[in-house]
Amino acid sequence: MALLVPKRVKYRKAFKGKRAGSATRGNKLSFGSFGLKAEGRGFISSRQIEAARRAMAHYTARGGRIWIRIFPDKPITKHPAESRMGSGKGEVEGYVAVVKPGSVLFEMAAVTEEIAKEAMRLAGHKIGIKTRFITK
């Protein structure tokens, strides 16, 4: 399982940040004919992205072409269990992609619409936010 993580980061730990507003970039299909668009907002972990990619690849029997349009570049920190409050920010637990409504998460080409729709539906279940199937 090759999880997506950045090669290097400018800062080891990041602020939570605000997640308001809609996606102004990455909100149109660029590569494939079909896509999976986010309707909700949230953080998508690299594990969720990998699980969705596997679900799509498995359903299409490794046919067609899949593009992942999001990248987990935000470090998420967590304190160890049963540790006392305070004493700074916890260690980096993993990386997440910040997703806003309208972001295109995945794209697909070289398959029929029915196959793409079902593959995207399966991928959508692996991600913790509401999604919608889109076509060019």
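Here, the structure is the one placed above.
This is a predicted model, so every value here is computed, not measured. (Residues numbered from 1 in each chain as written. Predicted model: local features only at pLDDT ≥ 70, side-chain atom pairs only at ≥ 80, totals over all residues. Heavy atoms only, no water.)

Undergrad: Before we go on, may I ask you to explain the sheet that holds strand E4 (residues 74-78) in this structure?
TA: The strands making up a sheet are joined through hydrogen bonds of the backbone, oriented either antiparallel or parallel. Taken in spatial order, the three strands make up an open sheet running E2-E5-E4, and their pairing is antiparallel. Looking at the sheet topology across the chains shown, the edges are occupied by strand E2 (42-45) and E4. With direction set aside, neighbouring strand axes in the sheet form an average angle of 55°. Pairing analysis gives five bridges linking E4 to strand E5 (residues 91-99), with the strands arranged antiparallel. (Pairing = 2+ DSSP bridges. Helix = DSSP H or I, 4+ residues; strand = E, 2+ residues; numbered from the N terminus. Axes fitted to C-alpha atoms, helices over the stretch in contact; angles between N-to-C directions.)

Undergrad: What's the story with the sheet that holds strand E6 (residues 104-109) in this structure? I'm lost.
TA: Pairing is antiparallel in the open sheet, where four strands are placed in the order E3-E6-E1-E7. A single partner strand is all that each edge strand has here, and the edge strands are strand E3 (65-68) and strand E7 (131-135). Neighbour-to-neighbour, the strand axes of the sheet open up by a mean angle of 20°, direction not taken into account. The pairing of strand E1 (residues 34-38) with E7 spans five bridges and is classified as antiparallel. Residue Phe34 lies in a different strand from E7, and its bridge partner there is Thr135. Contacts from helix H2 (residues 113-126) reach E1, E6 and E7, with the element oriented near 30° to E1. (Contact = heavy atoms within 4.5 Å.)

Undergrad: Help me out: how do you make sense of the packing of aromatic side chains in this one?
TA: Here the distance between the centres and the angle between the planes together describe a pair of aromatic rings. Per the counting criterion, the structure on display carries two aromatic pairs. Ring geometry for Phe31 and Trp67: centres 5.9 Å apart, planes at 15°, overall stacked. On the criterion of sequence distance, the pair formed by Phe31 in the segment before E1 and Trp67 in strand E3 is long-range, its members being 36 residues apart. Here Phe34 and Phe133 contribute two aromatic rings whose centre-to-centre distance is 5.8 Å and whose plane-to-plane angle is 20°, an arrangement assigned as stacked. In this pair, Phe34 is assigned in strand E1 and Phe133 in strand E7, connecting sequence segments 99 residues apart. Across the pair, exposure class does not vary: Phe34 and Phe133 are buried alike. (Phe/Tyr/Trp six-rings, centres within 6.5 Å; stacked < 30°, edge-to-face > 60°. Buried < 20%, exposed > 50% of the residue type's maximum accessible area, 1.4 Å probe, protein only.)

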